[in-house]
Amino acid sequence: MASDEHWMSLAVIEAEKGIGLTSPNPPVGAVIVKNDSILGKGWHQMAGKPHAEREAIATATEKHGKQAIQGATIYVTLEPCSTTGRTPACTDGIIEAGITRVCYGSKDPNPAHAGKADEILKEKGIGVSRISDTQACDLLIRPFSKVQKTGLPWVILKSGMSLDGNITRPKGEGKWLTSQESRSYVQRLRHQSDAILTGGQTLRADDPALTIRDTSLPEKSQPWRMLVTQQCGSNLPTNAQVFTDAYADRTLIQENGDLIASLNRLVNKGCNTVLVEAGGTLMASFLRAGLADEVAFFYAPLITGTPIPAIGFLTHDIELTNQTYQRIGNDILLSALVAKDKKESHT
């Protein structure tokens, strides 16, 4: 007999299909199992659409009929919701389907749901348990969890740089530091994010589009674009792409360099994950304020000697944890979490 951990790993694979698509909801996956066989699978595809549990129930019903589901176990990466919003409560769907056991991974960080499913399901005689190792499930909902607990989104700092830590090449030697493969990978990072944030200085220097342009990725709305400027927004170039392209209505401006205000506005737009693509000054501001959660640094095999660093002035060292290194084309991608400590301030 396969273990609960095995079936949950399949539910995690389902949930991963929704990364970048579900905000303000988290990505969730579900698998229905009976007699060591899968009856149905499902994943939450978009806010307002059925949750993973109901997708799995619908799939199982279509393939095997309602009777087959009765007495089955459903594996869900996140505690089932128990309230009706844009979609009906998943606990109701589980009860109606005749499922007799629920095994879930992460506890729901939303206080409106946390712990409620256990009570509701157990009252109906349904067995409820959690897997012992919830790490993979917790990883899926990190951005959602941060919004629920702090009111702020998960912030990823992305930069491409030379081996000596600079973000520009000497004049006349070309625009790009990193490889085409790295730039393609950045498209995936943008797709997994709900907003892209940059500074006024980067807008003036590079006129970036800050859009998803890889048509091989699943279709979704373009990310919100947040411009943080120390000056008045009217001083930004009005002919920039972010103001003139087809997605200009998804461009926001935050004056006075207020990072907290910019992030709060993005959460109010339904953003769980924000990708920062900016110069060293703004990157350092996020790190000094303790607002960064993760980094994605692409190191190109170049030594440029130019005086524009990827990270500007810091008041103390920033420790990175959970580091992974990956070769992307000729570049090396460092992915890591930003360690949180008492020196950080969100003010």
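What counts and how
Residues numbered from 1 in each chain as written. Predicted model: local features only at pLDDT ≥ 70, side-chain atom pairs only at ≥ 80, totals over all residues. Heavy atoms only, no water. Buried < 20%, exposed > 50% of the residue type's maximum accessible area, 1.4 Å probe, protein only. Helix = DSSP H or I, 4+ residues; strand = E, 2+ residues; numbered from the N terminus. Pairing = 2+ DSSP bridges. Disulfide = S-S within 2.5 Å. Axes fitted to C-alpha atoms, helices over the stretch in contact; angles between N-to-C directions. Parallel < 35°, antiparallel > 145°, perpendicular 65-115°, else oblique. Left-handed = near helix turned anticlockwise from the far one by under 90°. Contact = heavy atoms within 4.5 Å. Nonpolar A, V, L, I, M, F, W, Y, C, P; charged D, E, K, R; others polar.

## A short note on the pairing of strand 7 (residues 195-199)
Okay, so step 1: A large share of strand 7 lies buried, amounting to five of its five residues.
Okay, so step 2: Residues of strand 7 alternate between two faces, with Ala 195, Leu 197 and Gly 199 on one and Ile 196 and Thr 198 on the opposite face, all of them buried.
Okay, so step 3: Where strand 7 meets strand 8 (residues 224-228), five bridges bridge the pair, whose relative direction is parallel. Residue pairing for strand 8: Gly 199 is matched across the bridge by Val 228.
Okay, so step 4: Bridge count between strand 7 and strand 10 (residues 273-277): three bridges; the pairing is parallel.

## Looking at the state of the cysteines
Okay, so step 1: Applying the stated rule across the entire model yields zero disulfides.
Okay, so step 2: No disulfide involves Cys 90; its sulfur sits 3.6 Å from the nearest other cysteine sulfur, which is in Cys 81.
Okay, so step 3: Cysteine Cys 137 shares no disulfide, and the gap to the nearest cysteine sulfur, in Cys 103, comes to 8.7 Å.
Okay, so step 4: Given a relative accessible area of 2%, Cys 137 falls into the buried group.

## Focus on the packing of helix 2 (residues 52-64) against helix 4 (residues 90-97)
The description of two packed helices rests on the angle between their axes and on the distance between the axes.
Okay, so step 1: It is at 9 Å that the axes of helix 2 and helix 4 come closest, and there the two elements cross at 25°. Overall, the two elements helix 2 and helix 4 adopt an arrangement that is roughly parallel. Here the hand of the crossing between helix 2 and helix 4 comes out left-handed. Facing helix 2, whose interface residues are Glu 53, Arg 54 and Ile 57, helix 4 presents Cys 90, Asp 92, Gly 93, Ile 94 and Ala 97.
Okay, so step 2: Considered class by class, the residues forming the contact of helix 2 with helix 4 number four nonpolar, one polar and three charged.

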